[in-house]
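Results of the structural survey
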Amino acid sequence: MPSARHILIVNSRSVHQPVFVVGSPHSGADLIGRALKASASFHVTLGQPNVLRVVYAFARRPSMYQGRTQAAATVIRDAVAQGWQVTPHGCLECTRECRSAAGLATDAVGPCVELRGLERFGDASPDLIYCAEALTYAFPDARIVQVIRDGQDVVTSMLADPVVMSWFRPSFVNVDTEFPNPFFGIESVEDQDLWPTLSPATRCALRWRWSVRLAARLHHSLPADQLKTIRYEDLLSRPEQTLAELSRFTGTTMPAAEIRDVARTSQPRGRPRRPAGPPLAKEDAAQIDKLAGEELRRLGYSLLS
């Protein structure tokens, strides 16, 4: 159940209806985050260090906050509030992606937003989806934008991303000590038993599967005026219409230029282009269909094998 309304003041502004963008890795949530960051009167962070530390602590060790909902809400509320502070040198700690989305040069000294006219706040940090439940409890009036993408494209993109794949190193994997383990997509004893034999592609598919299962849970637990689900494919095939819907939902006009450019390069001559990278092996495709086929079918995507 959502918590009672918590009054939060940041930069002498009351935080109301903050917007959080969530999705599996390479779902396209970053595109929405950058468009939202370019909106007037919005201060949106993407990978602010204080936020990422909490996100990955909670994501990799859910036992830290299970049964401690109020404490978890306080921790994440404090983390994002600290990230939203506008100071002369605050942006120096932010990620390259966040600074770039704000239009700052590599060697520029922040801040990335003007205090004058600042009205709303949001966050679109990587892997924020693993804190979705805590976010909705910490900010009962939050607006959640969740992005869904074809599992095959997500897996292919994840395999080509060294940062994402670094989480699968033995020194990071903790599937034996944390169960269930949302970060690695493990929800059953069967998943846990299969993990040592799974290929990198199949492990990526488990992470995608968990994210869409969470999306379904959020859909059933939040009212329509607090949750907006969009498909990445719709964002690229009809960017103007999709961004108009998002603008109405978030209460701000979201620029379409960057997303329109991505759509043009991703869909030459009207045909969608698959992410760069080698095709999935037949064995991987068959295993992914077995483990995540139900979610692929439910969302209207084709099976891989």
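The sections below set out a description of the structure shown in this document. By convention here, each chain's residues receive numbers from 1 onward along its written sequence. With the structure being a predicted model, the display of local features is reserved for residues of pLDDT at least 70 and the display and counting of side-chain atom pairs for 80 or more, all residues being used for whole-chain, interface and lining totals. Each side-chain value is worked out from all heavy atoms of the structure, with water and hydrogens disregarded.

**Focus: helix H6 (residues 151-159)**
Rules: Buried, partly exposed and exposed residues are distinguished by accessible area as a fraction of the type maximum, computed with a 1.4 Å probe on protein chains only: under 20%, between the cut-offs, and over 50%, respectively. Secondary structure is summarised from DSSP: a helix means a run of H or I of at least four residues, a strand means a run of E of at least two, and numbering begins at the N terminus for each. Residue contacts are counted whenever heavy atoms from the two residues lie within 4.5 Å of one another. Here a polar contact is taken to be a pair of N or O atoms separated by no more than 3.5 Å, where protein atoms must pair a possible hydrogen donor with a possible acceptor and residues adjacent in sequence count only if both atoms sit in side chains.
In terms of burial, H6 is a largely internal element, seven of the nine residues being buried. Every buried residue of H6 is accounted for by Gly151, Asp153, Val154, Val155, Thr156, Ser157 and Met158. As for H6, its buried residues are in contact with helix H7 (162-166), helix H9 (200-221) and helix H13 (282-298). The N-cap residue of H6 is aspartate 150: its side-chain oxygen and the backbone nitrogen of glutamine 152 are 3.0 Å apart.

**As for the sheet that holds strand S3 (residues 19-23)**
Just so we agree on the cut-off: At least two bridges found by DSSP between two strands is the condition for calling them paired. Axes here mean lines fitted to C-alpha atoms, for a helix over just the part in contact, with angles spanning 0 to 180 degrees between N-to-C directions.
Judged by pairing direction, the sheet is parallel, and its five strands sit side by side in the order S4-S5-S3-S6-S7 without closing on themselves. Both outer strands of the open sheet, strand S4 (42-45) and strand S7 (227-231), are each paired with one neighbouring strand and no more. Geometrically, the sheet is characterised by an average inter-axis angle of 20 degrees between neighbouring strands, direction not taken into account. One ladder, built from five bridges, connects S3 with strand S6 (residues 143-148); its direction is parallel. Across the sheet, residue valine 21 finds its bridge partner in S6, namely valine 145.

**Remarks on the pairing of S4**
By the alternation rule, side chains of S4 split into Phe42 and Val44 and His43 and Thr45, which are all buried. Here S4 runs beside strand S5 (residues 120-123); their pairing, made up of four bridges, is parallel. In the sheet register, phenylalanine 42 faces S5, and the bridge partner there is arginine 120.

**With respect to the pattern of salt bridges**
Rules: Salt bridges are defined as contacts in which a side-chain nitrogen from Lys or Arg sits within 4 Å of a carboxyl oxygen from Asp or Glu.
Counted by the stated rule, this structure contains ten salt bridges. Among the salt bridges present, the one from glutamate 187 reaches arginine 213, with a minimum N-O distance of 2.6 Å. On the criterion of sequence distance, the pair formed by glutamate 187 in the loop between H7 and helix H8 (189-194) and arginine 213 in helix H9 is long-range, its members being 26 residues apart. Taken together, the shared-partner salt bridges connect Glu187, Arg213, Arg217 and Glu295 into one network.

**Brief notes about the pairing of S6**
Within S6, six of the six residues are buried, which leaves the element mostly enclosed by the surrounding structure. Residues of S6 alternate between two faces, with Arg143, Val145 and Val147 on one and Ile144, Gln146 and Ile148 on the opposite face, all of them buried. Where S6 meets S7, five bridges bridge the pair, whose relative direction is parallel. If you follow valine 147 over to S7, its bridge partner there is isoleucine 230.

**Points about the nonpolar core**
The condition that has to hold: The set of buried Ala, Val, Leu, Ile, Met, Phe, Trp, Tyr and Cys residues whose side-chain atoms join them within 4.5 Å is what this entry labels a nonpolar core.
Among the nonpolar cores identified, the biggest contains 71 residues, and Phe20, Trp84, Phe139, Trp195 and Ile288 are the most heavily contacted of them. The element that contributes the greatest number of residues to this core is H9, accounting for ten residues. Not counting residues within four places of it along the chain, the set of residues in contact with tryptophan 195 comprises Phe168, Val173, Val175, Phe184, Ile186, Arg203 and Leu206.

**As for unusual backbone geometry**
The omega torsion across phenylalanine 179 and proline 180 is -10 degrees, close enough to zero to call that bond cis. Summarising the element assignment, proline 180 is placed in the loop between H7 and H8. Unusually for a residue other than glycine, histidine 26 sits at a positive phi of about 60 degrees. For histidine 26, the location among the structural elements is in the loop between S3 and helix H1 (29-37). Judged by relative accessible area, which is 31%, histidine 26 ranks as partly exposed.

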